[in-house]
Amino acid sequence: MKNLFLAWGEFVVGKKRKLDVLAFEYTLADNIKSLHEDLANRTYRHGPYEAFNISDPKPRQIHKASVRDRLLHHAIYRVLYPFFDRIFIADSYSCRLDKGTHKAVKRFNQMARSESRNDHRTCWVLKGDIRKFFASIDHDVLLGILGEHVADVNVLWLLGEVVGSFETARCPHSFVIPAQAGIQSPLDPRFHGDDKVGLPLGNLTSQLFANVYLNELDQWVKHNLRAKKYIRYADDFAILSADRDWLENIIPRIAEFLELRLKLRLHDKKVFIQTYSSGVDFLGWVNFPGHRVLRRATKQRMFARIDENSKEEAVQSYLGMLKHGNAFKLRQKLLMDYWITKK
């Protein structure tokens, strides 16, 4: 009960005027008591989702659960995040406290300067992206990974309810499973083409589950490939090295690991190797030795949004973002456009 009430305090921030939140809060004690009883009796069932589309910047479908279910997501997250965060590698930056995109970009450039010996030798960067990551997360594989860390059967049952509350369609395809993959039997149900897949982008728990899922990749890259300079943000990752041939050779090994262990696939058009000195696009910034500039698409999207929403809060948010790069002229143009629009 205490965890549920504490979770409510975190969940309700910024949502107090929402009608569904107000309705739940009207009989808050009774609603939390009912949820607690369903959990204690294992009669809890996750409800349906409400779907809507956003463009951020590409079209995405967000699935919104009921207030009752989202409260539970927060309660789960409060307990499991500190537990799992300690097993993640230091250079995983997505949806973690004291991390984020700006620190990831800063760390990427630190790695590049180190590998290039302050631009005295060529630093090669392997950039990778996973195809339809959230829509491709396999439920059985995810629950298997969670089960390796969580022993409590009641917690595993609850996580199964949340994970199983959503699925996306997947085209069946076969997997070639070599003996060294460690699979007990080729009939293992985790490798059937009709397995349930997908996590909803609107769930707080999805952020945690995604990091737990890709922690398998992180650990494998660090311990098996022995990559010293590896960084990941969500499903974008980069490996830096002065040896281009080594980077070229590990691409098929990464692809094989993703497919066999996690049933994921590299994005064919978003895997490439280039030099740091030529400018590497990473998390919205094009990074060069000594400076970084905003990606063209990000720049265009920023000005389009200012045209749509010229509120001072939006402008200040973008000005804050531009402080993290070499963008003096952009800041001046943004301020000029803002005052002209306002006028």
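Check the entry above for the structure.
Residues numbered from 1 in each chain as written. Predicted model: local features only at pLDDT ≥ 70, side-chain atom pairs only at ≥ 80, totals over all residues. Heavy atoms only, no water.

**Q** Describe helix α4 (residues 67-85), with residues and values.
**A** The end-to-end C-alpha separation of α4 is 26 Å, in line with the 27 Å expected for 19 residues at 1.5 Å each. In the structure, α4 departs most strongly from a straight axis at Val79, where the bend amounts to approximately 30 degrees and where the proline Pro82 lies between one and four residues downstream. (Helix = DSSP H or I, 4+ residues; strand = E, 2+ residues; numbered from the N terminus. Expected span 1.5 Å × (residues − 1). Bend = angle between axes of the 7 residues up to and from the residue.)

**Q** For the pairing of strand β4 (residues 230-233), give the residues involved together with the corresponding values.
**A** Here β4 pairs with strand β5 (residues 236-241) via four bridges, running antiparallel. Residue pairing in the sheet places Tyr230 in a bridge with Ile239 of β5. (Pairing = 2+ DSSP bridges.)

**Q** Explain the layout of surface pockets to me, using residue names and the numbers behind them.
**A** Approximately 390 Å³ is the volume found for the second largest pocket. Taken together, 18 residues make up the lining of the second largest pocket; nearest its centre are Asn3, Leu39, Leu72, Val155 and Leu158. If you list the elements that add at least two residues to the lining of the second largest pocket, you get α1 (2-11), α3 (28-40), α4 and α8 (153-163). Its residues assigned to classes, the lining of the second largest pocket comprises 13 nonpolar, three polar and two charged. (1 Å grid on protein atoms, 1.4 Å probe; cavity = no way out; pocket = protein on both sides within 12 Å on 5 of 7 lines; lining within 4 Å. Points joined across faces, edges and corners; volume = space filled by probe spheres on them. Nonpolar A, V, L, I, M, F, W, Y, C, P; charged D, E, K, R; others polar.)

**Q** Which residues make up the packing of aromatic side chains, and what values do they have?
**A** Applying the stated criterion across every chain yields a total of 10 aromatic pairs. A centroid spacing of 5.7 Å and a plane angle of 80 degrees characterise the contact between Tyr49 and Phe166, whose relative ring orientation is edge-to-face. Here the residue Tyr49 occupies a position in the loop between α3 and β1 (50-55), and Phe166 occupies one in the loop between α8 and α9 (204-223), the gap between them amounting to 117 residues. Neither residue differs from the other here; Tyr49 and Phe166 are each classed as buried. Grouped by ring-pair contacts, the aromatic residues Trp8, Phe11 and Phe24 constitute a single cluster. The ring of Phe11 is capped by Lys15, whose NZ or CZ atom sits 4.6 Å from the centre of that ring. One residue, Arg244, lies across the ring of Trp124, its end atom 5.1 Å from the ring centre. (Phe/Tyr/Trp six-rings, centres within 6.5 Å; stacked < 30°, edge-to-face > 60°. Buried < 20%, exposed > 50% of the residue type's maximum accessible area, 1.4 Å probe, protein only. Lys NZ or Arg CZ within 6 Å of the ring centre and 35° of its normal.)

**Q** An account of the environment of Ile130 is requested, with residue identities and associated values reported.
**A** Topologically, Ile130 is positioned in the loop between β3 (124-129) and α6 (133-136). Judged by its relative accessible area of 1%, Ile130 falls in the buried class. Separated by 140 residues in the primary sequence, Ile130 and Lys270 place their C-alpha atoms 8.3 Å from one another. Other than its neighbours up to four places away in sequence, Ile130 contacts Leu214, Asp235, Leu258, Leu264, Arg265, Leu266 and His267. (Contact = heavy atoms within 4.5 Å.)

**Q** Quick rundown of the side chain of His74? Include the residues and the values.
**A** Assignment of secondary structure puts His74 in helix α4. Beyond its immediate stretch of four places on either side in the chain, His74 contacts Ala7, Glu10, Phe11 and Leu204.

**Q** Let's hear about the sheet that holds strand β7 (residues 280-282): which residues, and what values?
**A** Within a beta sheet, neighbouring strands are joined by backbone hydrogen bonds and run either parallel or antiparallel to one another. The antiparallel open sheet is built from three strands, whose spatial order is β7-β8-β9. Looking at which strands have only one partner, the edges of the open sheet turn out to be β7 and β9 (291-294). Here the average twist between neighbouring strands, direction ignored, is 30 degrees. Pairing between strand β8 (residues 285-288) and β9: four bridges, direction antiparallel. Its bridge partner lying in β9, Asn287 is registered against Arg292. Contacting β7, β8 and β9, helix α5 (residues 101-115) crosses the sheet at an angle of about 20 degrees to β8. (Axes fitted to C-alpha atoms, helices over the stretch in contact; angles between N-to-C directions.)

**Q** Requested: an account of the nonpolar core, with residues and values cited.
**A** Among the nonpolar cores identified, the biggest contains 63 residues, and Trp8, Tyr213, Leu217, Ile239, Ile254 and Leu262 are the most heavily contacted of them. Per element, the largest residue contribution to this core is 10 residues, and it comes from α9. When near neighbours in sequence (up to four residues on either side) are disregarded, Leu217 contacts Tyr230, Phe237, Ile254, Phe257, Leu258 and Leu262. (Core = buried A, V, L, I, M, F, W, Y, C linked by side-chain atoms within 4.5 Å.)

**Q** Lay out the pattern of salt bridges with the relevant residues and their values.
**A** Pairing is possible between side chains that carry opposite charge, provided their charged atoms lie close to one another. Taken as a whole and assessed by the stated rule, the structure comprises 15 salt bridges. Between Asp20 and Arg70 there is a salt bridge; the shortest N-O distance is 3.1 Å. In this pair, Asp20 is assigned in helix α2 (residues 19-26) and Arg70 in helix α4, connecting sequence segments 50 residues apart. Salt bridges sharing partners connect three or more residues here, namely Asp20, Lys64 and Arg70. (Salt bridge = Lys/Arg side-chain N within 4 Å of Asp/Glu carboxyl O.)

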